[in-house]
Amino acid sequence: MVRKWRRVFFFFLLLNVEKVGREQHDLLPKHATSQIKEFLLSLSVYGSRRRGGGVIPAYWRAAIRKLSHSTSLTAPPPLLLLPSTSLCSTCATGNARLSAINMRGRAERTGAGLRHQTSASLRPTLGSLSRHMSGRRVGFCLSDKKRRRMNLDAFAAFCAGHGVQVVEIDLTRPLAHQGPFDVIVHKLSDVIVEAERDSQSQRVLADFQSYVASHPTTVLLDPLPAMTRLLDRFASYRIMSHLRDSLRDWGICSPPYLEIHGASELPSVHQALMSHGLSFPLICKTRVAHGSLSHEMSLIFGADGLAHVRPPCVLQSFVNHGAVLHKVFVVGDQHFCVQRPSLKNFPAGPCGRKTIFFNSHQVSKPESNSHLTALDEQMPDLPPPSREAVAALVRELRAQLAMALFGVDVIVDERTHTLTAIDINIFPGYEGVPQFFSSLLSHIQSVLDKQASAGPQGANSPESSQTAGADL
């Protein structure tokens, strides 16, 4: 029934938008709001991510992308046939409901099943973007997989509607021939990791760093040193371990953890677990927080399971959290909280249960049907994370990381209701965030505005292009 309602909603929504555009060509740009158009664009993004095109046919997605280019003003389109509820609120929650539909009934237990958090005062004002951003060039340096997940083509079309040119950077060619760039948005995780053992990747990374150093007015999102640090779970977990002290007033913490550097530490690992305050069950994660292997994890229930540990890795105490994960996506001054499935509860303390090996991406994707996310018994709903606490967490991490595009995975401890940070992610996928395009473009504008206000002296300082993520 839900699937049928969803198809009917999309049909009437797009049918009437198409009718407005066809019969009243000059009326649509005057009356379409930026919120409606961005929601329609997010539908095309959602559809392109679903196998086989999802619920939105390709020709509808093309029409949506074309529609999104029109100029945005403030009055709502009069011909859209929608329920009597607010159009903007319907659009804002529509994509969220899509991601929550297949969460195996968890939406019924947790209400909406998917929440977005942002400050109303910080929402982007896209009406002014076209005036301030016209003629800007933004380079994107992403892997093919990341480009598809982000739907860079749709974002480029969105930017073009505001006078911004998006350039896909080819690292096999000199960057000087592809510039100039006002901003470079990148996720060079692949290159950084491969540069440790591959000479070609070392040259590519060196050429990129050389270009950035010789073009101090080009803003880099995010700084390479900050990104490199987050690729190491040892480093990111040390940052999270300090949250208990820096955010004491908010009661935010992270689970106890243990770094295992090499095989020589394995014979004494059980004693190290006790001295560091860890308790079974344990989550075992790779040290490198990038690539498909970084999602391969194991759940260890007793001392016998420690035989499956493969250093270098991190052992982290597992905290029961009602099988609900809250992914916090950060875009500059804004953040969005999206609910996902997660591992179910397990009895505390050691037991003889066999080690469970799992892929965290498969378990926590929006449409996950994993048996590991199905609670064995009904339990009361856990309170959602406090908006104020999440905002405090984001502010602290932005200051610690000196980054603007990152995510943090948080859970609510079933026993203490404490907000607990369990992982930090570099430039995540932002799935379930319909405002991502406008938020990213708005942040790029704020970065350039700050650079302009600093004047030539600030723009030419060595730190200006490397610390934009921390300052804004």
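First things first, this report covers the structure right here in the doc. (Residues numbered from 1 in each chain as written. Predicted model: local features only at pLDDT ≥ 70, side-chain atom pairs only at ≥ 80, totals over all residues. Heavy atoms only, no water.)

### What to know about the pairing of strand S6 (residues 282–286)
Within S6, four of the five residues are buried, which leaves the element mostly enclosed by the surrounding structure. Relative to strand S7 (residues 296–300), S6 is paired through three bridges, and the arrangement is antiparallel. What sits directly across from Cys-284, in S7, is Ser-298. Judged from the five bridges that link them, S6 and strand S8 (residues 313–317) form a sheet pairing that is antiparallel. Bridging from a neighbouring strand, Cys-284 pairs with Leu-315 of S8. (Buried < 20%, exposed > 50% of the residue type's maximum accessible area, 1.4 Å probe, protein only. Helix = DSSP H or I, 4+ residues; strand = E, 2+ residues; numbered from the N terminus. Pairing = 2+ DSSP bridges.)

### Topic: the side chain of Thr-373
In this structure, Thr-373 sits in the loop between helix H16 (360–364) and helix H17 (387–401). Among the polar contacts made by the side chain of Thr-373, one reaches the main-chain carbonyl oxygen of Ser-370 at a distance of 2.9 Å. (Polar contact = N/O pair within 3.5 Å; in protein donor to acceptor, adjacent residues only side chain to side chain.)

### Looking at the nonpolar core
Grouped together as the largest cluster of nonpolar side chains are 80 residues, with contacts concentrated most on Phe-140 and Phe-155. Filtering out sequence-adjacent residues up to four positions away, Phe-155 remains in contact with Phe-140, Met-150, Val-166, Phe-437, Leu-440 and Leu-441. (Core = buried A, V, L, I, M, F, W, Y, C linked by side-chain atoms within 4.5 Å. Contact = heavy atoms within 4.5 Å.)

### Looking at the pattern of salt bridges
In total, this model carries 12 salt bridges according to the counting rule given. Note that Arg-147 is salt-bridged to Glu-168, the shortest N-O span being 3.1 Å. Taken together, the positions of Arg-147 in helix H8 (residues 144–150) and Glu-168 in strand S2 (residues 165–168) put the pair 21 residues apart, joining distant regions of the chain. In this structure, Asp-232 engages Arg-287 in a salt bridge whose closest nitrogen and oxygen atoms are separated by 2.9 Å. Taken as a pair, Asp-232 in the loop between helix H12 (224–230) and helix H13 (233–241) and Arg-287 in the loop between S6 and S7 lie far apart in primary sequence, 55 residues in all. Look at Arg-287 and you get partly exposed, because its relative accessible area is 28%. Bridged by salt links that share partners, the residues Asp-144, Arg-147 and Glu-168 form one connected network. (Salt bridge = Lys/Arg side-chain N within 4 Å of Asp/Glu carboxyl O.)

### Side note on the sheet that holds strand S12 (residues 405–412)
Read from one edge of the open sheet, four strands run S10-S9-S12-S13, paired in antiparallel fashion. This sheet does not close on itself; its edge strands, each paired only once, are strand S10 (334–341) and strand S13 (419–426). Going from strand to strand, the sheet's axes swing by 25° on average, the running direction of each strand aside. Of the strand pairs in this sheet, strand S9 (residues 324–331) and S12 are connected by six bridges, and their pairing is antiparallel. Bridging from a neighbouring strand, Lys-327 pairs with Asp-409 of S12. (Axes fitted to C-alpha atoms, helices over the stretch in contact; angles between N-to-C directions.)

### Considerations on the pairing of S9
Burial analysis of S9 places eight of its eight residues in the buried class, which makes it a mostly covered element. Here S9 shows no split at all, with Val-324, His-326, Val-328 and Val-330 on one side and Leu-325, Lys-327, Phe-329 and Val-331 on the other all buried. In the sheet, S9 pairs with S10 via eight bridges, with the strands oriented antiparallel. Among the inter-strand pairings, Lys-327 is bridged to a residue of S10, identified as Val-338. Counted between consecutive antiparallel strands, the loop separating S9 from S10 contains two residues, among which Gly-332 sits at a positive phi close to 60°.

### Digging into H17
Over its 15 residues, H17 runs 21 Å from end to end, which matches the ideal 21 Å to within 8%, given 1.5 Å per residue. Along H17, the residues classified as buried are Ala-389, Val-390, Ala-391, Ala-392, Leu-393, Val-394, Glu-396, Leu-397, Arg-398 and Leu-401. Two residues or fewer after H17 comes Ala-402, characterised by a positive phi angle close to 60°. (Expected span 1.5 Å × (residues − 1).)

### Digging into the sheet that holds strand S5 (residues 257–260)
Strands sit in the order S5-S8-S6-S7-S11 across an open sheet of five strands; the sheet is antiparallel. Looking at which strands have only one partner, the edges of the open sheet turn out to be S5 and strand S11 (356–359). Neighbour to neighbour, the strand axes of the sheet diverge by 25° on average, direction disregarded. As defined by bridge partners, S7 adjoins S11 across four bridges and the pair is classed as antiparallel. Bridge pairing links Ser-298 to Phe-357 in S11. Docked against the sheet, H13 engages S5, S6, S7 and S8, running at close to 155° with respect to S5.

In short, shape yes, function no, at least from these values alone.
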